[in-house]
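Secondary and tertiary structure notes
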Amino acid sequence: MAEWEPVLLANVHRPNSEKIGTYLAHGGYQALRKALSMSPEAVVAEVKASGLRGRGGAGFPTGVKWGFLPPDAPVKYLAVNTDEGEPGTFKDRLIVERDPHAILEGVIIAAYAIGAHRAFVYIRGEFFLGVKRWIKAIADAYQHGFLGKDILGSGFDLDVSVHRGAGAYICGEETAMLESLEGKRGQPRLKPPYPAQVGLWGRPTIVQNVETLANVPHIILRGAAWYASIGTEQSKGPKIFCVSGHVNRPGNYELPLGTPLREIIEKYAGGVRYGRHIKAVIPGGVSTPMLTARQIDVPMAFETLAAAGSALGTGAVIVMDETTDMVEVARRITDFFVHESCGACVPCRLGGFRMLERLEAIARGRGRPDDLAKLESLARGISGLTFCPLGTGMCEPVLSGLALYRDEFVARLNTAAKR
Amino acid sequence: MPDQVTLTIDDVKVTVPAGTLVVDAAKAAGIDIPVFCSHPKLDPLGACRMCLVEFVGSRGSRLDTACTVRVAEGMAVRTNTEQVKAVREANLGFILINHPLDCPICDKGGECPLQDQTMAYGPGVSQFVEPKRHKNKRYPISDLILLDQERCILCWRCIRYLEEWEDKPQLGLFERGGETMIDTFPGQPVDAKTSGSIIDICPVGALTNRVARFRYRPWELKKTPSVCNHCPVGCNLRLDERVHALRRIVARENMAVNDEWICDKGRFVHQFVDHPERLKKPLVRDAQRGTLREATWDEALDRVVEKLGALVEANGPNTVGGIASPRVSNEAAYLFQKFFRALVGTNNVDFAGGSAVRAWPTGLSAITDIARSDLIVLVGFDPSEAAPLLAVHIKRVVLRKGAKLLIIHPRRIELAKYPGAYLPVLPGNEAALLGELAAAVQASKGVRGQEARGKQAARNPQSPGPGPQYPDVVALLAAAKSPLFIYGPDVARGERGRATVAALLNLATALGQGDKLAYIGAGANEQGVRDMGLLPDTLPGYAPVSDAAVRERLGKLWGLQPPAEAGQTCARMIGGGVKGLFVMGDNLAALPAVAEALRKLDFLVVQDLFLTETAQLADVVLPACSFAEADGTYTNLERRVQRGPQGIRAVGESKADWAILTALAEKWLAAEGRGDRSGVAPAAAPELPDWKRKKRKAKTGPAAKPWNYPTAQSVLEEIGKAVPFYATMRWEALGEGGLQWSARDLRVGVRDSGLSNTQSPTSNPRPGEFLLVSSPLFWDASLFMQYAADQVRQLIPAPFVALNPADLATAKLAEGSQMTLTSPHGSVILTLKADASVQPGTVWIPATLPGLPAETLGGGRGEPISVVVR
Ligand SMILES: Cc1cc2nc3c(=O)[nH]c(=O)nc-3n(C[C@H](O)[C@H](O)[C@H](O)COP(=O)(O)O)c2cc1C
Ligand code: SF4
Ligand code: SF4
Ligand code: FES
């Protein structure tokens, strides 16, 4: 395959890339002009035809989601998910900080397509620079007539405002995000109804990830056929992979979906540090099951990763070399999830906390002989049974850790027994 | 979508209405799915994960929560697979991880869903040896409810109840993850008036009743289905008794009345029943010492017969009379008026707020009509303070069905925040305002009618009438398809009240909804005591005393006919109209002016639970049972006759009202010659005292039939003969849900047709003067509150007067300062409060505050009272 020419990250390395002038100088807001000349239905059809799937983790087809909006609803909203909380993921932050107009253009096109006149940007509270960049970008867009009343003479109105979260991972989950936007405690809502039916303040609402929206202007400008020619059968377009862990060159790499995991690690991220071997890879953020070294030829696409027993998730690749302590990995990740559990449902709230208790004991060499059985039974009582995917995600490091590296856990227990 | 859906649950085919939740469908199929967060009266949530079941589909089976998934045609559900069992065990295990298991000392123990489900579905042994987490076990969320955060399983039922039924999001989840707990918002305890409902629906013992906690073990209780005696809604509740003490009160479902909720008065205010200060023996005034001393029933009743009889003998029957409370049972009210009408021979019977109110006596068409209405007009009536369950029903129809409220009240009452309109009105101006509205509605209809009738109208030009002053309100009224009009005692008293009621009737009639006009009284059994004829001018069943046919019919039933001329009203009797008075269950003398008047009586009998201010003035005090100790029926504001069976042994020697009256009547009849009064109008033989004239006729004239009532049920049987529309109200027939009498059965009209608004509007108060508003407050200083448990008594507010902040500023008055308020009727010293809900130019002193300040100033008289604040 020829070297991929970045599309989403084309601007981020330019000086002053965040400025509207820079964006305009490199073809910015051309897609918006084109979209406004199309009918909203045509825009939706184009996005649908492109095969774009959500980049926030769930991978739901974006155009299909837009089609779910009740057409006769008087008020609809667009909510932009900039919460990016999944450990290992740092792609949205890069775009927001370095190329906010790319997202904003996608926001305006999406709002036009779905008939929303109000868009809400929900941004992770710790993204201090990102908040500033979002606000500045929005202000500049108003100045240039890309936002406000009668955008570019099209008759279409749109207002956008920015809301900061208070630092809860769960607020990245779309319905918890809506609760938080409404000023309530961030915890997921019962689905159905889905946000596209009953969303923010009861209005039909489309929630979209930042990276997803950044794809939209390119689809409009270059056409769905071009977009659909990139990637695999069920995974179209370019994707930003966030590579972290024991690699020589961690960072964001934009590549077509379907690029093999090995290529991403070895070719782009510079391989494993100190020439060591890979022990395990988390391919899509810590909620996705681990892969072993033997599995790294898998193409990074929704369908192929699912077949490998994991998931594409956010495309956050965490590489662990042979020196990695898998008990500590499970403990550390579980600690994160337990800390981030919203506390609304029983298995996640109570089971998670007991799982962590056992993991901490094992990691400290104070495990008991039946702890692995206990851990497994705890995880089985949680996984798939929780109100939202957070609780289920919490069990992945434990379940795949135990399945793939059980001997490490056993060894830790044995040291405990000897003491 | 088809109306009915068929699905299979564990191979059982079941057909249920579309939209049913799978848990409910399973219930219909006789299959139990364990739940914690799910509750039939609350929106689905799916938080506890207890109800996970398998849904079998073409692509294999998946687990989902039965409490959130709605049925679909052909759906296949499995609740008994190994997987489901394992999931339940795991989940119960999780719940029990931190649950303190203090079942032996927990109020819920024995009736706890968590216990039951652990037994049915839980793991046999605990997997965990780790210490449990500790949280606050005695956390007050209000003065009445304690939260045990360790026991709480975070099902959100309490949160959801307050949100979905009360529209008061006063509880929430705080902290996150394993630290999550229920809490109130800082400085904002739960104050919803039906807050105690959350104790009933909590699936564990996390929420406890501060009045009742640790006073019972559920399995030891004797449970009696009863009705509440606090307000005219007549909520269904249960009396839980053990060793002759009323341990607690919980709600009982009656979908026609209170759904599954009761208010906090109904639940928490019951200590008066077994209060140590209850009267346990009759008292008589000692001739020598002049003080009250204990006596036997015989002595006390003999004294009543002797003294009342002597007064009657000396001065005629119209010099004695009786005032009863509108809380007493139908049986008590019926026998009370029968005693005076048939035995004494006078129509001098009434109750406070009785004859003073000229109300169409059929109450609300049906409580369930609230849920069907699209506009509720509230005139001078504040359901939130006076009848909280009505407020709950009203909020529900507003929130769930988009009904609107039109509120006409001197104060911006709590419900005024909902969509619709709020029209502030000065006290006394209601009739004028309603008149204008009725005219405007007529005029707007006229316009529409003219368009329809075309030329005909043009030939017959009528004066256009007053233009619509309140276009929005008129539009609101005109758009309503099923409105309800509700008014209360505050706007129905006296002459002004007559005018207001007439204007309201005009308005409702103009909208073609004359039968949707409801008067809601203050007393718990106000409807019933009116039905029973506890009024000086109407007989049982509402016939006027002048109705000879009804008098004759009653004469046949009683042996003696009631007199034909109307008796004295409550106010007249108190104001010197009688020499002998029998007061049953009302503490009239709490108001010093009334006490003064009662001191002038020659003879006063008081029948009550306590040695009230009134009883202290009495010559004979008869100890009565509370509603919990005696069988009786009560008729609520929608004419539903409900049973209140005895739930606890009578305190001391106290007796049921009806039994006391029966015993008294027996003695009265036994006393020589006293059963032989003919029904002849006393005016016929002026030369002889009434009493003696009758006595002479003893051998030949009609005689009172003996009072043979072994039980309250036998009284009810006679009521069925006296009051035509009670004919079917047999004790057994009433069942546990009660029976409504049909408003259509009430043929005798008391509707004053010719009423018009002859009252001049209240003028705006002069500077420095304010108009008195004395609408009720939920937590007041009424008698039962005074004898309530400590936790409840502390809710009685210190007496206060509330003014609009702007008025306070103009008058340079400081909040919290003590001011003297003076009206033509009296003067009181009160603490000032600023309250934006109070209209400028008015002062709000709620009714029945300690010391009765509003009543002292003349509140509740049905006339505008001007008050000077100094
Ligand atoms: C626990 C949890 C956390 C999530 N966090 C994020 C997040 O930080 N950012 C994000 O875009 N989506 C997040 N999601 C996914 C969102 O729920 C949602 O699917 C997404 O915003 C939809 O946008 P997309 O279709 O463009 O991906 C999260 C989901 C879950 C279950
Ligand atoms: S799984 Fe965890 S995060 Fe999700 S709803 Fe349940 S408690 Fe909240
Ligand atoms: S207090 Fe009771 S009702 Fe409220 S959440 Fe806890 S267990 Fe549920
Ligand atoms: S009962 Fe269904 S999740 Fe709680």
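Our next topic: the overall build of chain B. Helices and strands together make up the secondary structure of chain B, namely 28 helices and 34 strands. Taken over the C-alpha trace, chain B has a radius of gyration of 30 Å; the compact-globule value for 870 residues is 29 Å, and the two agree within 12%. Across its three principal axes, chain B shows a C-alpha extent of roughly 100 × 80 × 60 Å. Burial statistics for chain B: of 870 residues in total, 55% are counted as buried. Within chain B, contacts between residues at least 6 apart in sequence are counted, and of these 71% link residues at least 24 apart.

As a further point, take the overall build of chain A. Helix and strand content of chain A: 16 helices and 9 strands. Radius of gyration (C-alpha) of chain A: 22 Å, near the 22 Å computed for a compact globule of 419 residues. Projecting the C-alpha coordinates of chain A onto the three principal axes gives extents of approximately 80 × 45 × 35 Å. Of all 419 residues assigned to chain A, the portion counted as buried reaches 58%. For chain A, restricting intrachain contacts to residue pairs at least 6 apart in sequence, the fraction spanning at least 24 positions comes to 71%.

Take the sheet that holds strand E28 (residues 739-740) of chain B next. Ordered in space as E26-E27-E28 (chain B), the 3 strands form an open sheet in which the pairing is antiparallel. Each end of this open sheet is capped by a strand with a single partner; those strands are strand E26 (633-635) and E28 of chain B.

We now examine the packing of helix H2 (residues 82-98) of chain B against helix H3 (residues 113-121) of chain B. All names here are of chain B. Contact geometry for H2 and H3: axes closest at 10 Å, N-to-C directions at 140°. Compared by their axis directions, H2 and H3 come out oblique. Here H2 runs over H3; the crossing is left-handed. Taken together, the residues of H3 that come into contact with H2 (itself represented by Arg88, Glu89, Leu92, Ile95 and Leu96) are Leu114, Gln117, Thr118 and Tyr121. Of the residues that constitute the contact of H2 with H3, the class distribution is 5 nonpolar, 2 polar and 2 charged.

On to the domain arrangement of chain A, then. All names here are of chain A. The domain boundaries assigned to chain A delineate domain 1 (20-228), domain 2 (238-321) and domain 3 (326-418). Placing the centre of domain 1 and that of domain 2 at their C-alpha centroids yields a distance of 27 Å. Every contact between the two is made by 13 residues of domain 1 and, on the other side, 15 residues of domain 2. Its residues placed into classes, the side of domain 1 that touches domain 2 shows 3 nonpolar, 5 polar and 5 charged.

This paragraph deals with the domain arrangement of chain B. As far as domains go, chain B holds domain 1 (4-80), domain 2 (133-268), domain 3 (284-358 + 525-669 + 708-745), domain 4 (368-457 + 466-500) and domain 5 (769-869). Once you take the C-alpha centre of each, domain 1 of chain B and domain 5 of chain B turn out to be 54 Å apart.

Looking now at the site of ligand 3. Lining the immediate environment of ligand 3, one finds 15 residues, of which Cys152(B), Cys155(B), Cys158(B), Cys202(B) and Ala206(B) sit closest. For the shell around ligand 3, the per-class residue count stands at 14 nonpolar, no polar and 1 charged.

Often, the extent of an interface is quoted as the loss of accessible area on bringing the components together. In this assembly, 26 residues from chain B lie in contact with 24 residues from chain A. Breaking the side of chain B that touches chain A down by element, the ones donating at least two residues are H2 and strand E8 (171-174) of chain B. Looking at the side of chain B that touches chain A, the element that brings in the most residues is H2(B), giving 8 residues. Of the residues assigned to the side of chain B that touches chain A, the class counts are 13 nonpolar, 10 polar and 3 charged.

Looking now at the confidence of the model for chain B. All names here are of chain B. Averaged over all residues, the pLDDT of chain B is 91; the fraction at 70 or higher stands at 91%. Note on residues 449-468: pLDDT is under 50 here. Beyond four places in sequence and across chains, it has 14 contacts. Low pLDDT, under 50, characterises residues 675-700; the stretch is placed with 37 contacts to residues that sit more than four places away or in other chains. Here the predicted complex scores 0.93 on pTM and 0.92 on ipTM.

Residue and element names in this part refer to chain B. In terms of burial, strand E16 (residues 320-324) is largely enclosed, as 5 of its 5 residues are buried. By the alternation rule, side chains of E16 split into Val320, Gly322 and Ala324 and Gly321 and Ile323, which are all buried. In terms of strand pairing, E16 meets strand E23 (residues 580-584) through 5 bridges, oriented parallel. By the bridge assignment, valine 320 is partnered in E23 with glycine 580. Bridge count for E16 against strand E17 (residues 349-351) is 3 bridges, and the pairing is parallel. In the strand pairing of E17, isoleucine 323 is matched with aspartate 350.

As a further point, take the environment of Phe725(B). All names here are of chain B. Looking at where phenylalanine 725 falls in the secondary structure, it is placed in the loop between helix H23 (712-722) and helix H24 (731-734). With 19 residues separating them along the chain, phenylalanine 725 and arginine 744 place their C-alpha atoms 9.6 Å apart. Setting aside residues up to four positions removed in sequence, phenylalanine 725 forms contacts with Gly541, Trp741, Asp745 and Leu746.

All names here are of chain A. Contacts to ligand 1 come from 22 residues, most closely from Gly54, Gly56, Gly172, Asn209 and Thr212. Where the shell around ligand 1 is concerned, the elements lending two or more residues are strand E4 (205-209) and helix H16 (389-418). A total of 3 residues in the shell around ligand 1 trace back to one element, the largest contributor, which is E4. Classifying every residue of the shell around ligand 1 gives 7 nonpolar, 9 polar and 6 charged. Taken domain by domain, the makeup of the shell around ligand 1 includes at least three residues from each of domain 1 (20-228) and domain 3 (326-418).

Residues and elements named next belong to chain B. Alignment of strand E30 (residues 800-803) against strand E32 (residues 826-834), held across 4 bridges, turns out to be parallel. Paired with valine 801 across the bridge in E32 is leucine 832. Both strand E31 (residues 818-823) and E32 contribute to a ladder of 6 bridges, which runs antiparallel. Bridge pairing links threonine 820 to isoleucine 829 in E32. A loop of 2 residues connects E31 with E32, the two strands running antiparallel in sequence.

Take the sheet that holds strand E6 (residues 139-140) of chain B next. Residue and element names in this part refer to chain B. Read across the sheet, 3 strands follow the order E6-E7-E10 without closing on themselves; strand pairing throughout is antiparallel. The outermost strands of the open sheet, each flanked by one partner alone, are E6 and strand E10 (207-209). As paired elements, strand E7 (residues 145-147) and E10 share 3 bridges and run antiparallel to each other. Bridge pairing links leucine 146 to threonine 208 in E10.

Moving on, we get to unusual backbone geometry. Across the junction of Lys191(A) and Pro192(A), the peptide omega takes the value -10°, indicating a cis bond. Mapped onto the fold, Pro192(A) is located in the loop between helix H8 (174-181) and E4. Omega for the bond connecting Pro192(A) with Pro193(A) falls within 30 degrees of zero, at 0°, which places this linkage in the cis form. Mapped onto the elements, Pro193(A) comes out in the loop between H8 and E4. Of note in this structure, Asp10(B) is not a glycine but carries a positive phi near 50°.

Let us now look at helix H13 (residues 326-340) of chain A. With 15 residues, H13(A) should cover 21 Å at 1.5 Å per step; its first-to-last C-alpha distance of 21 Å lies within 8% of that length. Within H13(A), the full set of buried residues consists of Met326(A), Val327(A), Val329(A), Ala330(A), Arg331(A), Ile333(A), Thr334(A), Phe337(A), Val338(A) and Glu340(A).

Moving on: the packing of helix H7 (residues 297-315) of chain B against helix H21 (residues 657-670) of chain B. Residue and element names in this part refer to chain B. Relative orientation of the contacting elements H7 and H21 amounts to 60°, with a least axis distance of 9 Å. Taken together, H7 and H21 sit at an angle that is classed as oblique. By crossing handedness, the relation of H7 to H21 is classed as right-handed. Between H7 and H21, the residues in contact are Trp297, Leu301, Asp302, Val304 and Val305 and Ala663, Leu664, Lys667 and Trp668, respectively. Among the residues forming the contact of H7 with H21, the class breakdown is 7 nonpolar, no polar and 2 charged.

Quick look at the environment of Leu821(B) now. Residues and elements named next belong to chain B. With respect to the element layout, leucine 821 can be found in strand E31. As for leucine 821 and serine 866, which are separated by 45 residues in sequence, their C-alpha atoms are 9.9 Å apart. Ignoring any residue separated from it by four or fewer positions in sequence, one finds leucine 821 in contact with Val801, Ser827, Val828, Leu830, Leu857, Val867 and Val869.

A separate point is helix H2 (residues 30-37) of chain A. All names here are of chain A. Taken as a whole, H2 has its buried residues at Ala31, Leu32 and Ala35. Axial view of H2: buried residues confined to an arc of 100°, hence all on one face. Packing partners of the buried residues in H2 comprise helix H3 (40-50), helix H6 (100-114) and helix H9 (210-222).

Thresholds, definitions, all that
- Residues numbered from 1 in each chain as written.
- Chains lettered and ligands numbered in written order.
- Predicted model: local features only at pLDDT ≥ 70, side-chain atom pairs only at ≥ 80, totals over all residues.
- Helix = DSSP H or I, 4+ residues; strand = E, 2+ residues; numbered from the N terminus.
- Rg over C-alpha atoms; globule rule 2.2 N^0.38 Å.
- Buried ≥ 20, exposed ≤ 12 C-beta atoms within 10 Å, placed from the backbone.
- Contact = placed C-beta atoms within 7 Å.
- Pairing = 2+ DSSP bridges.
- Axes fitted to C-alpha atoms, helices over the stretch in contact; angles between N-to-C directions.
- Parallel < 35°, antiparallel > 145°, perpendicular 65-115°, else oblique.
- Left-handed = near helix turned anticlockwise from the far one by under 90°.
- Nonpolar A, V, L, I, M, F, W, Y, C, P; charged D, E, K, R; others polar.
- Domains from an automatic or database assignment.
- Near = placed C-beta within 6 Å.
- pLDDT = per-residue confidence, 0-100.
- Expected span 1.5 Å × (residues − 1).
- Arc of directions from axis to C-beta.

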